[in-house]
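# Coordinate inspection notes
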Amino acid sequence: MNRLGIESPRGLVAFAALTGCLVTMAVAALTGAGGVFAAAGLAGCGCELLLHRTAPGLMARLGRLHMGATSRFEFRCVLLLLLLGRLHVTGPIGLAAAMTLVLCLLAGQALHAALTTLIRRRRALAVAARNIDLRRLDISDRPPRRLTEWPGQRILVYELSALLGLTASLTTGDARWVVAALTLAAGSSLITVVALVPYLVRATRRLPGAAEVLAEVDAWLIHHRPRTVLYFSGPRDRADQVTRWLGPVAALHTPSLVILRERELLEALEPTPLPVLCVPSAAHLSQLDLSGVRVALYPANTGRNIHLLRIPTMQHVFLAPGDGDETAAVDPYSKVYDQVWVAGEAGRRRYVQAAVGVDEADIVEIGRPQLDGLRVAGAGHAPAPTPLPTVLYAPTRDLTAGEPIVQALLKSERPVRVLYRPHPPTGHRSPEDHAAHRHIVALIQAANERRAAEALAANAVGKGTFAADALSADALAAEALGGDAVTPDAFVEEPEDAQAAHTDTPHTDTPHTEALRTEALCTEAARHRAELAKRIAALDARLRRADADEAMLTRDRAAPDPALLTEAEGLRREWHQAHWAASPPWLHQVIEGDTPTLHSCFDQADLLIGDPSDVVGDFLATLKPYALITPAGLGEEEFRRQNVMARAAYPLGPGASGMQNLLRPLFDPSLDELRAARHEVKGFLLGPATPPSIQRFTDAVDALAEKGEAVVRLRDLHTASPPGAGRWSITR
């Protein structure tokens, strides 16, 4: 199903039904079975609508195979004419009228597609921007979405009209019904075409050309003089490579600019106060006045970096990825940059030992500014301990090795809570990984059902349970709901005589009362989370307007709205707090997608299980214990020798061997033998704790900008004409 782009059994059934309807319509048209044709056509319309909603990937794939909605519509129109010819209901004149109307309808659809394409291409400006004032360009509005989008649904309306007219003609024997229905469909199609013409004229005459747009951008660049540029080129699914650096660059005290090369990246980019410029064409990029930029930061090694690397007045820096992968980003291309910035000593040694042409003097250690906000074990601001330790399993590869790990965690002698958060591409790279992922999810769901049943049974007899003993849920929920927004006693009603006795006798909660209290708090937190999700969706709709195209967003996003960005950040922070408070602390969770964030999971976890990757490298910043899966056939000592982070990790052998020894430090911290090793490895991989990484990053940018200024002054000095040199002077 997944290879077809069908994501649910319902979509598969709808696709099979649609195929059957098309075959039935063809047979009915050839045999003259009008009633069967109409019934199959109406059923096919329903299947088309269902597939548009449940399997958009399949519809897109059919379009690429030239079997899209328009092709299917044309095929059904031909079948309708064939049926009318076989039935002789319309007569020669009626059949000719029907053929003419069908041709008008198809011509209207073709004209509509052509006009829509022309308008879209003409409205594609030479550059797209966010938080850059280009309002003087006088960019007009796009056509309404109802005129340009949803062509498949619009075609279904036309087809439904024709089928209803056919049904009426078959019932009454009057051909005028089908002719009237076709007239309505053809007229509606032509009306949409006529409505698009003014927008095409406006796009052709009023929208600025490339020269005018670039001149306006140059005027903005000259006025704001950005000193630092964050430059990125790559596919949409790699947008996180640039997104992770938006915060550190926004924290610089000098003006900065983000330059993207692909238009689709603008949609994937998170809201930011930084000015963003998307310049797809290398020729247009070369025409921009970037003479004031002194530092260019590159989060990725891509071929299109060369378009900015050619500018000699900039100091070019490659931001090397995290040090979770020992072979990351060590290639000869790195020597084209003036400097390479790494997190710690491990990155420096990696480049020196690789001998790819990067001088050690050009390697700068800046730490990982993105990790400065993580909760560090023993730092005094970690959350209150929970009755059940939390184990985060975050694989980035080979999910088949994860099944025994999850089984061992779920069956451990002393219970733990499991958070399963695979890396987004994991589970989709191979059928084996996908099957293992579904099996792991099923194991966790079954374990949750068992725990819920145990909790209910224990509450019924008044014994303590996971939920009843989870006193930390009160604190979590109170924090998520605004501190004193909810009090536990508010959810437990007591008899009047018991309330009167409070002043005379001490209050002792029973396990059943504690369970009710926790359940009520989780319910309230879940309600609060749902409200926050609605507010976040409304805010995202304001930040990412669905009714505006790229040109309109370039016009309307002239400046950042600090209040809006602050509100969005606050709502997301509250949502994460409410998310964790909405579930009992004993409930295992499967986390797929972007929320909760990986760093939020780090804050919840007491232990991480993973493979050598940036995920484990980032978790190392928390100084909490972690385990690495030892590859089969590789001894523990050799594994530690090959992987630096393995020297502070608890090894987990094939088949989850050693799981019980791994979990013991969670219940008795004195058994944590690798605490000192984690401090040492963290300093080696991520750099020292002080000064903070963001300060080291800022200092490195400032120092390199000063170096860039010196280089520019020296270059200007060498290119200046000597005093007294004239047109006829000759140097001997």
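As a starting point, this report considers the structure included with it. For every chain, the first residue of the written sequence is number 1, and numbering continues from 1 onward in sequence order. Selection of residues for local features in this predicted model requires a pLDDT of at least 70, selection of side-chain atom pairs for listing and counting requires 80 or more, and totals for whole chains, interfaces and linings are taken over all residues. Side-chain calculation: all heavy atoms of the structure are included, whereas hydrogens and water are not.

## What about the overall build of the chain?
Rule in force here: Put simply, DSSP H or I for four residues or longer makes a helix, DSSP E for two residues or longer makes a strand, and each gets a number counted from the N terminus. Buried means the residue's accessible area, taken with a 1.4 Å probe over protein chains only, is under 20% of the maximum for its type, while exposed means over 50%, and partly exposed covers the values in between. Only heavy atoms enter the contact rule, under which two residues are in contact if any of them lie within 4.5 Å.
Within the chain, the secondary structure is distributed over 28 helices and 14 strands. Residues classed as buried in the chain amount to 48% of the 732 residues present. Long-range pairs, those at least 24 residues apart, make up 71% of the contacts in the chain with a sequence separation of at least 6.

## Here's the deal with helix 5 (residues 91-122)
For clarity, the cut-off: In this analysis, the expected span of each helix is defined as 1.5 Å times one less than the number of residues it contains.
The end-to-end C-alpha distance of helix 5, which contains 32 residues, comes to 46 Å, matching closely the 46 Å that a straight helix rising 1.5 Å per residue would cover. Here helix 5 has its buried residues at Gly94, Ala98, Leu101, Val102, Leu105, Gly108, Gln109, His112, Leu115, Thr116 and Ile119. Looking at the packing, one finds that the buried side of helix 5 touches helix 4 (69-87), helix 6 (145-148), helix 7 (151-172) and helix 8 (176-205).

## A look at the environment of aspartate 540
Among the secondary structure elements, aspartate 540 is positioned in helix 20 (residues 511-543). Under the relative-accessibility criterion, aspartate 540 is labelled partly exposed at 22%.

## Observations regarding helix 16 (residues 402-410)
Stated precisely, the cut-off is as follows: Note: the arc covers the axis-to-C-beta directions of the helix.
Listed as buried for helix 16 are Gly402, Ile405, Val406, Leu409 and Leu410. In an axial view of helix 16, the angular spread of the buried residues amounts to 130°, which keeps them on one side of the axis.

## Re unusual backbone geometry
Geometrically, the link from threonine 595 to proline 596 is a cis peptide bond, its omega value of -5° lying close to zero. With respect to the secondary-structure elements, proline 596 resides in the loop between strand 11 (589-590) and helix 23 (598-604). Notably, asparagine 131 is not glycine yet its phi reads approximately 65°, a positive angle. Looking at where asparagine 131 falls in the secondary structure, it is placed in the loop between strand 1 (128-130) and helix 6. Since its relative accessible area comes to 12%, asparagine 131 is described here as buried.

## Remarks on the sheet that holds strand 14 (residues 650-652)
Let me state the cut-off plainly: Strands are treated as partners if at least two bridges between them are detected by DSSP. Convention adopted: a line fitted to C-alpha atoms gives each axis, helices being fitted over their contacting stretch, and angles between N-to-C directions are expressed from 0 to 180 degrees.
Read across the sheet, six strands follow the order 11-10-9-12-13-14 without closing on themselves; strand pairing throughout is parallel. Of all strands in the sheet, those bounded by a partner on one side alone are strand 11 and strand 14. Of the strand pairs in this sheet, strand 12 (residues 607-610) and strand 13 (residues 626-629) are connected by three bridges, and their pairing is parallel. Among the inter-strand pairings, glycine 610 is bridged to a residue of strand 13, identified as leucine 628. Running at roughly 170° to strand 9 (residues 390-393), helix 16 makes contact with strand 9, strand 10 (417-420), strand 12, strand 13 and strand 14 of the sheet.

## Observations regarding the layout of surface pockets
Put simply, the test is: Here a cavity denotes a set of grid points, spaced 1 Å apart and computed over the protein atoms alone, in which a 1.4 Å probe fits but from which it cannot get out, and a pocket denotes an open set meeting protein on both sides within 12 Å along at least five of seven lines; residues with an atom within 4 Å of a point are reported as lining. Grid points are joined across faces, edges and corners, and a volume is the space filled by probe spheres set on the points. Note that Gly is not counted as nonpolar here; it falls among the polar residues with everything else outside the nonpolar set of Ala, Val, Leu, Ile, Met, Phe, Trp, Tyr, Cys and Pro and the charged set of Asp, Glu, Lys and Arg.
Computed from the structure, the second largest pocket encloses a volume of approximately 1,300 Å³. As for the second largest pocket, its lining consists of 46 residues, and the residues nearest its centre are Arg142, Glu267, Ala548, Asp549 and Glu550. At the level of elements, helix 4, helix 5, helix 6, helix 7, helix 12 (263-268), helix 20, helix 21 (550-556) and helix 22 (562-581) are the ones that each hand at least two residues to the lining of the second largest pocket. In terms of residues, the lining of the second largest pocket owes the most to one element, helix 5, which gives seven residues. Among the residues forming the lining of the second largest pocket, the class breakdown is 20 nonpolar, nine polar and 17 charged.

## Concerning the nonpolar core
What counts is decided by this rule: We define a nonpolar core as any set of buried Ala, Val, Leu, Ile, Met, Phe, Trp, Tyr and Cys residues linked to one another through side-chain atoms lying within 4.5 Å.
Core analysis: the biggest nonpolar cluster contains 60 residues, and Ile405, Leu409, Ile609, Tyr626, Met659 and Leu685 have the highest contact counts within it. Here this core gets six residues from one element, more than from any other, and that element is helix 17 (residues 431-460).

## A short note on the pattern of salt bridges
Operational definition: Counted as salt bridges are all cases of a side-chain nitrogen of Lys or Arg within 4 Å of a carboxyl oxygen of Asp or Glu.
One pass over the structure, following the stated rule, counts 22 salt bridges. With its nearest N and O atoms 2.7 Å apart, the salt bridge here joins arginine 227 to aspartate 702. One end of the pair, arginine 227, is in the loop between helix 9 (210-224) and strand 2 (228-232); the other, aspartate 702, is in helix 28 (residues 693-719), and 475 residues separate them in sequence. Overall, the relative accessible area of 19% leaves arginine 227 in the buried class. Across the pair aspartate 240 and arginine 244 runs a salt bridge whose closest N-O atoms are separated by 3.1 Å. Through salt bridges with shared partners, a single network forms among Glu48, Arg72, Arg76 and Glu159.

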